[in-house]
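What follows is the residue order along each chain.
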Amino acid sequence: MSLRLLTPSDLLQALALSSSAGWNQTITDWQRLLDLAPETCFGIELDGRLAATATLLPYGVSLAWLGMVLTRRDYQHRGLASRLVAHTLQVAGDLGIKTLKLDATGQGQPIYEKLGFVVERRIERWVWSGEFDAQGDAGPLVPIESLAGLDYDAFGANRMRLLARLAVSGRSVNATAGTSKPVVTGDGFALWGPGHIANYVGPCVARTPEAAHSLIAGCLTQAAGTWMWDVFPDNEPGRELAGRFGFQPVRRLVRMRRGPSIAERHELVYAAAGFELG
Ligand SMILES: CC(C)(COP(=O)(O)OP(=O)(O)OC[C@H]1O[C@@H](n2cnc3c(N)ncnc32)[C@H](O)[C@@H]1OP(=O)(O)O)[C@@H](O)C(=O)NCCC(=O)NCCS
């Protein structure tokens, strides 16, 4: 058994792992994680195959995000995920990272509890299918960099490297859906992109619920089909907005933390960036 860094040659097997768990990430999502965090994405290879993964995306030293904790079905219950997560925590400690967070499924939660993570808040996946027919004019567009201060206040750490990357190409590009255009105004931003199963809208940070409405509408008008949106139920205006657009909750997860809590403004966050990103 070898525990090692993930490399670009693992991408197809990594995608197979997330897809067989029913997750929405594309190969572009995996590629982005490897590009942003080449020294902190890990895998376990067994019998010449990628058997398990865990990724850690540092946002400076104050915070890092743990994600993509996956074990191939035929290798589960052998301690692989626990081993990978423990290794990732060790590396995070060596890097001086103070707080770790993640969004846990019911299957993942016991692993993290044993390693000292505590539940911070709930996060829900909401889904909607259809064609959004209203015009989504959010106002004059600005560069995402001009919203660095707003995002820092909302999220509690500097994630501009990620946001710039998501905004340049939209969240991702594929041949059928074309390029997804980010919607960024002086009042906030909403990004979106096609996923393995459905379009994904997020992250969205906005100064007011009205701004969030226009920004998200600006995304939904760009493509028809099924959409996913990760909502914080304790942000009542955000939950209400998702309901008004016709989305319904389909999965409940918990956001967990290990280390000191971080000052953040939950009320400004209308959509998460992704369970592996924060
Ligand atoms: C969750 C997952 C990564 C666990 O992988 P694994 O390699 O089997 O995990 P481990 O063998 O290290 O198990 C660690 C502990 O997790 C818990 N656990 C593991 N699989 C579980 C399951 N299917 N249901 C409930 N608890 C589970 C158990 O408490 C286990 O402790 P035990 O061995 O003393 O019983 C794997 O089931 C998986 O890929 N699931 C689908 C994707 C997912 O939900 N990932 C978690 C994202 S937060």
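Residues numbered from 1 in each chain as written. Predicted model: local features only at pLDDT ≥ 70, side-chain atom pairs only at ≥ 80, totals over all residues. Heavy atoms only, no water.

When its domains are assigned, the protein chain resolves into domain 1 (2-121) and domain 2 (123-253 + 262-271). Between domain 1 and domain 2, the C-alpha centre-to-centre distance is 24 Å. Of the roughly 2,200 Å² buried where domain 1 meets domain 2, counting both sides, 53% is carbon and sulfur surface. Across the domain 1-domain 2 interface, the total number found is three salt bridges. (Domains from an automatic or database assignment. Buried area = accessible area lost by both parts, 1.4 Å probe. Salt bridge = Lys/Arg side-chain N within 4 Å of Asp/Glu carboxyl O.)

Once that is clear, we can look at the nonpolar core. Ranked by internal contacts, the top residues of the largest apolar core, which has 47 residues, are Trp30, Leu57, Tyr59, Ile144, Phe189 and Leu191. Looking at this core, you find at least three residues from each of domain 1 (2-121) and domain 2 (123-253 + 262-271). Sequence-distant contacts of isoleucine 144, that is, excluding residues within four places in its chain, are made with Met160, Leu163, Ala164, Ala167, Val184, Phe189 and Leu191. Among the nonpolar cores identified, the runner-up in size contains 27 residues, and Leu46, Ala81, Leu89 and Tyr112 belong to it. (Core = buried A, V, L, I, M, F, W, Y, C linked by side-chain atoms within 4.5 Å. Buried < 20%, exposed > 50% of the residue type's maximum accessible area, 1.4 Å probe, protein only. Contact = heavy atoms within 4.5 Å.)

Another point: the pairing of strand 3 (residues 49-59). Judged by how many residues are buried, strand 3 sits mostly within the fold: nine of 11 residues are covered. By the bridge criterion, six bridges tie strand 2 (residues 41-46) to strand 3 in an arrangement that is antiparallel. Each residue of the ladder has a partner; that of cysteine 41, found in strand 3, is threonine 55. Connecting strand 2 to the next strand, strand 3, in antiparallel fashion are two residues, including aspartate 47 with a positive phi near 55°. Relative to strand 4 (residues 63-71), strand 3 runs antiparallel, the two sharing seven bridges. Directly across from threonine 55, in strand 4, lies its bridge partner glycine 67. The turn joining strand 3 and strand 4, which pair antiparallel and follow one another in sequence, is formed by three residues; a positive phi near 65° is taken by glycine 60. (Helix = DSSP H or I, 4+ residues; strand = E, 2+ residues; numbered from the N terminus. Pairing = 2+ DSSP bridges.)

Glancing now at the site of the ligand. Taken together, 20 residues form the shell around the ligand, and within it Val69, His77, Gly79, Ser82 and Thr105 come nearest. Here an oxygen atom of the ligand and a side-chain polar atom of threonine 71 are 2.9 Å apart. Between the ligand and the protein, one listed contact pairs an oxygen atom with a side-chain N or O atom of threonine 105 at 2.7 Å. Bound to the protein, the ligand loses 76% of the 890 Å² it would expose on its own. The cavity that encloses the ligand is the largest pocket. The element best represented in the shell around the ligand is helix 4 (residues 109-114), accounting for four residues. Partitioned by chemical class, the residues of the shell around the ligand number nine nonpolar, eight polar and three charged. (Near = heavy atom within 4 Å. Polar contact = N/O pair within 3.5 Å; in protein donor to acceptor, adjacent residues only side chain to side chain. Areas by Shrake-Rupley, 256 points an atom, 1.4 Å probe, with all protein chains shown as cover. 1 Å grid on protein atoms, 1.4 Å probe; cavity = no way out; pocket = protein on both sides within 12 Å on 5 of 7 lines; lining within 4 Å. Sits in = over half its atoms within 2 Å of the grid points. Nonpolar A, V, L, I, M, F, W, Y, C, P; charged D, E, K, R; others polar.)

This next bit is on the environment of leucine 141. Note on placement: leucine 141 falls in the loop between strand 6 (118-130) and helix 5 (148-155). In this structure the C-alpha to C-alpha distance between leucine 141 and serine 180, which are 39 residues apart in sequence, comes to 15 Å. Excluding residues that lie within four positions of it along the chain, leucine 141 makes contacts with Val183, Val184 and Thr185.

Turning to empty space enclosed by the protein, a few remarks are in order. The full count for this structure, using the stated rule, is one cavity of 30 Å³ or more. Taken as a whole, the largest cavity holds about 70 Å³ of empty space. What lines the largest cavity is a set of 13 residues, and nearest its centre among them are Phe155, Phe232, Arg255, Val269 and Gly278. Sorting the residues of the lining of the largest cavity by element identifies helix 5 and strand 14 (269-271) as the ones contributing at least two each. Tallied by class, residues from the lining of the largest cavity come to eight nonpolar, one polar and four charged. (Points joined across faces, edges and corners; volume = space filled by probe spheres on them.)

Of all the positions in helix 1 (residues 11-20), only Leu11, Ala14, Leu15, Leu17 and Ser18 are classed as buried. Buried residues of helix 1 fall within an arc of 155° about the axis and therefore sit on the same side. Of the surrounding secondary structure, the elements contacted by the buried residues of helix 1 are helix 2 (27-36), strand 3 and strand 4. Just beyond helix 1, the residue with positive phi is glycine 22, at close to 80°. (Arc of directions from axis to C-beta.)

Further remarks concern the packing of aromatic side chains. Here the distance between the centres and the angle between the planes together describe a pair of aromatic rings. What the rule picks out here adds up to nine aromatic pairs. Ring plane angle 70° and centroid distance 5.8 Å describe the contact between tyrosine 112 and phenylalanine 117, whose orientation is recorded as edge-to-face. A relative accessible area of 3% means that phenylalanine 117 is categorised as buried. Taking the centre distance of 5.0 Å and the plane angle of 50° together, the rings of tryptophan 192 and tryptophan 227 count as tilted. Residue tryptophan 192 is located in strand 10 (residues 188-194), and its partner tryptophan 227 is located in strand 12 (residues 225-231); the two are separated by 35 residues in the primary sequence. Neither tryptophan 192 nor tryptophan 227 differs from the other in exposure class; each is buried. Among the aromatic residues, those joined into a cluster by ring pairs are Trp128, Phe132, Trp229, Phe245 and Phe247. Here arginine 121 stacks its cationic end above the ring of phenylalanine 232, 3.9 Å away from the centre of that ring. (Phe/Tyr/Trp six-rings, centres within 6.5 Å; stacked < 30°, edge-to-face > 60°. Lys NZ or Arg CZ within 6 Å of the ring centre and 35° of its normal.)

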